[in-house]
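Residue-level listing of the chains:
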Amino acid sequence: MKKWMPWMVFAGFLVVLGGWGWQYVFPKPEVVIRKRMLELARTVSFQAGDGNLSKLSSAQKITTFFTMDADIVVDGPGRSQYRINGHSDLLEAAIASRRAAASLLVEFLDISVELGASANDATVSMTIKGRVSGDRDYFVQEVRVFIDKLEGKWLIKRIETVKVLTQAHPSPPLTATYSLCTAGAIRLPAGV
Amino acid sequence: MSETVTESGWRVPKWVSTLVIGRRPKRTLIRLVFLLVGSVVIFKFVLLPIRVEGASMLPTYRERGVNFVNRLAYRTHGPRRGDVVAIRYAGEKIMLMKRVIGLPGETVSFRDGKVFVNGSPLDEPYVKLPTNWNLPQEMVGPNQYYVVGDNRSMRESDHVKGRAERKRIVGRVLL
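Since this is a predicted model, take the numbers as computed values, not measurements. (Residues numbered from 1 in each chain as written. Chains lettered and ligands numbered in written order. Predicted model: local features only at pLDDT ≥ 70, side-chain atom pairs only at ≥ 80, totals over all residues. Heavy atoms only, no water.)

Assigned secondary structure in chain A consists of four helices and eight strands. Secondary structure elements of chain A occur, N-terminal to C-terminal, as α-α-α-β-β-α-β-β-β-β-β-β. Of the contacts formed within chain A by residues at least 6 apart in sequence, a portion of 54% connects residues at least 24 apart. Summed over its atoms, the accessible surface of chain A is roughly 11,400 Å², and 61% of this surface lies on carbon and sulfur atoms. (Helix = DSSP H or I, 4+ residues; strand = E, 2+ residues; numbered from the N terminus. Contact = heavy atoms within 4.5 Å. Areas by Shrake-Rupley, 256 points an atom, 1.4 Å probe, with all protein chains shown as cover.)

For the rest of this paragraph, the subject is the side chain of Asp 83 of chain B. Residue and element names in this part refer to chain B. Inspection of the secondary structure assignment puts Asp 83 in the loop between strand E4 (66-70) and strand E5 (84-88). The buried charged residue Asp 83 lacks any salt bridge partner; its closest oppositely charged side chain belongs to Arg 172, at an N-O distance of 4.3 Å. Side chain to side chain, Asp 83 and Tyr 74 meet in a polar contact 2.7 Å long. With residues near it in sequence (within four places) discarded, Asp 83 still touches Tyr 74, Lys 98, Arg 99, Val 100 and Arg 172. (Buried < 20%, exposed > 50% of the residue type's maximum accessible area, 1.4 Å probe, protein only. Lys, Arg positive; Asp, Glu negative; His and termini not counted. Salt bridge = Lys/Arg side-chain N within 4 Å of Asp/Glu carboxyl O. Polar contact = N/O pair within 3.5 Å; in protein donor to acceptor, adjacent residues only side chain to side chain.)

Bringing the domain arrangement of chain B into the picture now. The domain architecture assigned to chain B consists of domain 1 (3-45) and domain 2 (52-173). Taking the mean C-alpha position of each, domain 1 of chain B and domain 2 of chain B sit 45 Å from one another. (Domains from an automatic or database assignment.)

What follows covers the packing of helix H3 (residues 52-63) of chain A against helix H4 (residues 86-100) of chain A. All names here are of chain A. At a closest axis distance of 9 Å, the pairing of H3 and H4 adopts a crossing angle of 145°. The element H3 and its partner H4 pack so that their crossing is right-handed. In contact with Lys 55, Leu 56, Ser 58, Ala 59, Gln 60, Ile 62 and Thr 63 of H3, H4 contributes His 87, Leu 90, Leu 91, Ala 94, Ile 95 and Arg 98. The residue inventory of the contact of H3 with H4, partitioned by class, reads seven nonpolar, four polar and two charged. (Axes fitted to C-alpha atoms, helices over the stretch in contact; angles between N-to-C directions. Left-handed = near helix turned anticlockwise from the far one by under 90°. Nonpolar A, V, L, I, M, F, W, Y, C, P; charged D, E, K, R; others polar.)

What follows concerns the pattern of salt bridges. All told, the structure shown has 17 salt bridges over all chains when counted by the stated rule. The salt bridge involving Asp 75 of chain A is made with Lys 163 of chain A; its shortest N-O contact spans 3.5 Å. A residue pair is termed long-range when its members are at least 10 positions apart, and Asp 75 of chain A in the loop between strand E1 (66-74) and strand E2 (82-85) and Lys 163 of chain A in the loop between strand E6 (153-162) and strand E7 (165-166) qualify at 88 residues. Between Arg 71 of chain B and Glu 92 of chain B there is a salt bridge whose closest N-O contact spans 2.4 Å. Note that Arg 71 of chain B is positioned in the loop between E4 and E5 and Glu 92 of chain B in the loop between E5 and strand E6 (94-102), a separation of 21 residues in sequence. Because the salt bridges share partners, they merge into one network encompassing Asp 71, Arg 83, Arg 158 and Glu 160 of chain A.

What follows is about the confidence of the model for chain B. Per-residue confidence for chain B averages 90 on the pLDDT scale, and 95% of its residues sit at or above 70. Among the prediction metrics, the complex's ipTM stands at 0.79, with pTM recorded as 0.80. (pLDDT = per-residue confidence, 0-100.)

This part is about the sheet that holds strand E5 (residues 139-150) of chain A. All names here are of chain A. Reading across the sheet, the six strands line up as E2-E1-E6-E5-E4-E3 and stay open at both edges, with mixed pairing between neighbours. Two strands lie at the open edges of the sheet, namely E2 and strand E3 (104-115), each paired on one side alone. On average, each strand axis in the sheet is inclined to that of its neighbour by 20°, with strand direction left out of account. Two strands pair when backbone bridges link them, and E1 and E6 are joined in this way by four bridges, in the parallel orientation. Across the sheet, the residue bridging to Val 73 is Glu 160, located in E6. (Pairing = 2+ DSSP bridges.)

Moving on, we come to the pairing of E6 of chain B. All names here are of chain B. Taking burial as the measure, the nine residues of E6 include nine buried ones, the bulk of the element. Where E5 lies against E6, five bridges are found, and the strand directions are antiparallel. The residue of E6 that forms the bridge with Ile 87 is Leu 96. In sequence, E5 turns back onto E6 through a hairpin of five residues. Pairing geometry for E6 and strand E11 (residues 144-148), over three bridges, is antiparallel. When the sheet's bridge partners are listed, Gly 102 is paired in E11 with Tyr 146.

So, about the sheet that holds strand E10 (residues 135-139) of chain B. Residues and elements named next belong to chain B. Spatial strand order, E9-E8-E7-E10: four strands in an open sheet with antiparallel pairing. Because the sheet does not close on itself, it has two edges, and the strands there are strand E9 (120-121) and E10. Bridging between strand E7 (residues 107-111) and E10 involves three bridges; their strand directions are antiparallel. Looking across to E10, one finds that Val 108 is bridged to Glu 138.

Next up on the list: the nonpolar core. Residue and element names in this part refer to chain A. Ranked by internal contacts, the top residues of the largest apolar core, which has 32 residues, are Met 37, Phe 66, Phe 108 and Val 124. Listed by contribution, the elements that provide at least two residues to this core are helix H2 (29-44), H3, E1, H4, E3, strand E4 (121-132), E5 and E6. Ranked by the residues each element gives to this core, the list is headed by E3, at five residues. With residues near it in sequence (within four places) discarded, Phe 66 still touches Leu 40, Ile 72, His 87, Leu 90, Leu 155, Ile 156 and Ile 159. (Core = buried A, V, L, I, M, F, W, Y, C linked by side-chain atoms within 4.5 Å.)

Printed below as a string of structure tokens:
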């Protein structure tokens, strides 16, 4: 082996380490947004054993992910469209969900971030998978999230549900509960 | 019986090392690399392994069953009536599994549980559970396919069905 070979390997290692360190200290906006979405999913979820104070504090924390005039439009299957507008509505909805169900586990899957031209706004597409305690099936909904960068923080200004299947004459909802009776196919890791 | 002595002094019988790494370790390594690369390519780009969840495809597909989605099924032609397809949401981690009953340009309606395509009744031997759905006629647009599950015994409003865009159809369910 040539004398300079170990030095080359060492230099290569330093370059890789430097690149990783740079990305860790100065992450790309896409990475920051993705992390923020995952943090939101964790905040929205709650466990059966959580105390009232913890539930209230997590409900309040949810509002910190949104702009003051944030707008959420929910148009899911089997229920009529409804909107949540602003922090007070959002807090109310978060508290109501914590009262209505013992636990809720939410996951955001297939998060894809598209940065706007000014790099101060972004659109996120993702699939929400959630399971309410006591429900046999989980619910699945694709959403589009519009995000603005305000004072250095990425805040959600609008969430819209996306219909995967469209119907010309959707049936009126019969119940107020969200029930999704569908055969879903969960992708297994490669190699199964 | 011949033995291999490792650096730490362990004696490994020859037949064990032959069984684990073969007679020619170099060839075994190459085979292993091919196997790994082949598996990744096949299960990522050709056959997506899936697990069935939910009741809407009963009794054709039972819950917890493992299946595969053939991504290449529609490279030369579009989905056909009767095909069971996987329809993606934002990505492919979760997909809908439905049967194609209406093709682009056709009309689909339900009368007393019977499906009518362009006004003619559709023979559906795979629907085995009783159903009484009624839905007015709906036009399937270009690049759209009308999809529905095989289990129509549930309340119609609880069953996810409708027109899927072609670009959302990932492939045909293999088995």
